[in-house]
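A look at the structure
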Amino acid sequence: MFPESSTGYSYEDCQSTADWLLSQTAVQPLVGIVCGSGMGGLADGLKDPVAFNYKDIPNFPQSTVHGHAGRLVFGTLKGIPCVCMQGRFHLYEGYAIQKITMPMRIFKILGVKTVILTNAAGGLNQDFKVGDIMIIKDHLNMPGFAGNNPLTGPNDERFGLRFPCMSDAYDRELQQLALDVGSELGFSDFLREGVYCVLGGPSFETIAECRMLNKLGADAVGMSTVHEVIVARHCGMRVFALSLITNKAVMDYDSEEKANHEEVLQTGKHRAEQLERLVSTIVARLEHNNNYA
Ligand SMILES: O=P(O)(O)O[C@@H]1C[C@H](O)[C@@H](CO)O1
């Protein structure tokens, strides 16, 4: 059941995209950041930015979702060279799973060591509130259960092993660093840890689905990140990921609440400043410990 070659990119395709980018900017990024829905402001914090519209980058897919600008921004965050995706790709946009994850391989070839991913997610854990930031400690890959995994197809050993381990997908030292930084910044009241579950979207979940996912151990549900994490880990980058709980998943038939994308973007705006401080302080600490970057 291997995909046709048109669904993915070869090592040489990724190399030529990375070479093109490196020929246009002097920044050699050590950290790659992916902005979730409504969190594109993370990229605005980069100093001396050099930005490329996705449409101008050879081989790059295009962003089609409101709240995902579709720009790749290079620059420095607290002195650390970074590259930031202001907009990511989702399965529901109709791209093959190998395409939506291709930027992780570009990051790797560019020299990125640590990837920081953010997303908007619905809170399943009843203790979570809208506006909480959840440090992802593990995931449930629902499309993966159905055979839709970004590593499906021939394996190129130049990227990584045929059967990569995922029990250490989310770097534990970076999770601890985030907790420490969050506490120093006074964010402990809204900083949580939990398991993120990815679904294909674009429809939001039914009540029965939310109840089921919560029983299975998921604390938050969304439509991204996990595929990128798998590809980033496959090629040996360290991964740290955060969910912003933008809405409470509806778990009760008496509830009047309805999940909607506008609420997701609104919550992103409310927490934007704290999210940016958390991420930039984590990045700054990577500098002080070469194990992190
Ligand atoms: O890119 P993320 O995962 O932050 O986007 C979430 C999932 C859907 O794309 C959208 C739903 O509002 O936000």
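This one's a predicted model, so the numbers in the text were calculated from it and none came from an experiment.

**Topic: the layout of surface pockets**
Unfilled space is identified by rolling a water-sized probe across the atoms. Size it by volume and the second largest pocket reaches roughly 290 Å³. If you trace the second largest pocket, you find 22 residues lining it, with Ser37, Ala120, Phe204, Met223 and His261 closest to the centre. Where the lining of the second largest pocket is concerned, the elements lending two or more residues are strand E5 (114-123), strand E8 (220-222), strand E9 (238-248) and helix H9 (261-287). Taken together, the residues of the lining of the second largest pocket break down into 9 nonpolar, 11 polar and 2 charged.

**Observations regarding the packing of aromatic side chains**
In this description, a pair of aromatic rings is defined by centroid distance and the angle of the planes. Applying the stated criterion to the full structure yields 8 aromatic pairs. Arranged with centres 4.8 Å apart and planes meeting at 45°, the rings of Tyr11 and Phe159 form a pair that is tilted. Of the two residues, Tyr11 sits in helix H1 (residues 11-24) while Phe159 sits in the loop between helix H5 (142-145) and helix H6 (172-184), which places them 148 residues apart along the sequence. Considered together, Tyr11 and Phe159 belong to a single accessibility category, that of buried residues. Measuring from ring centre to ring centre gives 5.8 Å for Phe52 and Phe74, while their planes differ by 90°; the resulting arrangement is edge-to-face. Pair noted here: Phe52 is in strand E2 (residues 47-53) and Phe74 is in strand E3 (residues 71-77), with a separation of 22 residues, a long-range link. No difference in accessibility class separates Phe52 from Phe74, as the two residues are buried. Clustering of aromatic rings is evident, with ring pairs tying together Tyr54, Phe60, Phe89 and Tyr95. The lysine or arginine in question, Arg105, covers the ring of Phe159, its NZ or CZ lying 4.0 Å from the ring centre. The aromatic ring of Phe190 is capped on one face by Arg271, whose charged end is 3.6 Å from the ring centroid.

Criteria and cut-off values
Residues numbered from 1 in each chain as written. Predicted model: local features only at pLDDT ≥ 70, side-chain atom pairs only at ≥ 80, totals over all residues. Heavy atoms only, no water. 1 Å grid on protein atoms, 1.4 Å probe; cavity = no way out; pocket = protein on both sides within 12 Å on 5 of 7 lines; lining within 4 Å. Points joined across faces, edges and corners; volume = space filled by probe spheres on them. Helix = DSSP H or I, 4+ residues; strand = E, 2+ residues; numbered from the N terminus. Nonpolar A, V, L, I, M, F, W, Y, C, P; charged D, E, K, R; others polar. Phe/Tyr/Trp six-rings, centres within 6.5 Å; stacked < 30°, edge-to-face > 60°. Buried < 20%, exposed > 50% of the residue type's maximum accessible area, 1.4 Å probe, protein only. Lys NZ or Arg CZ within 6 Å of the ring centre and 35° of its normal.

Honestly, that's just the spatial picture; any functional story needs more than this.
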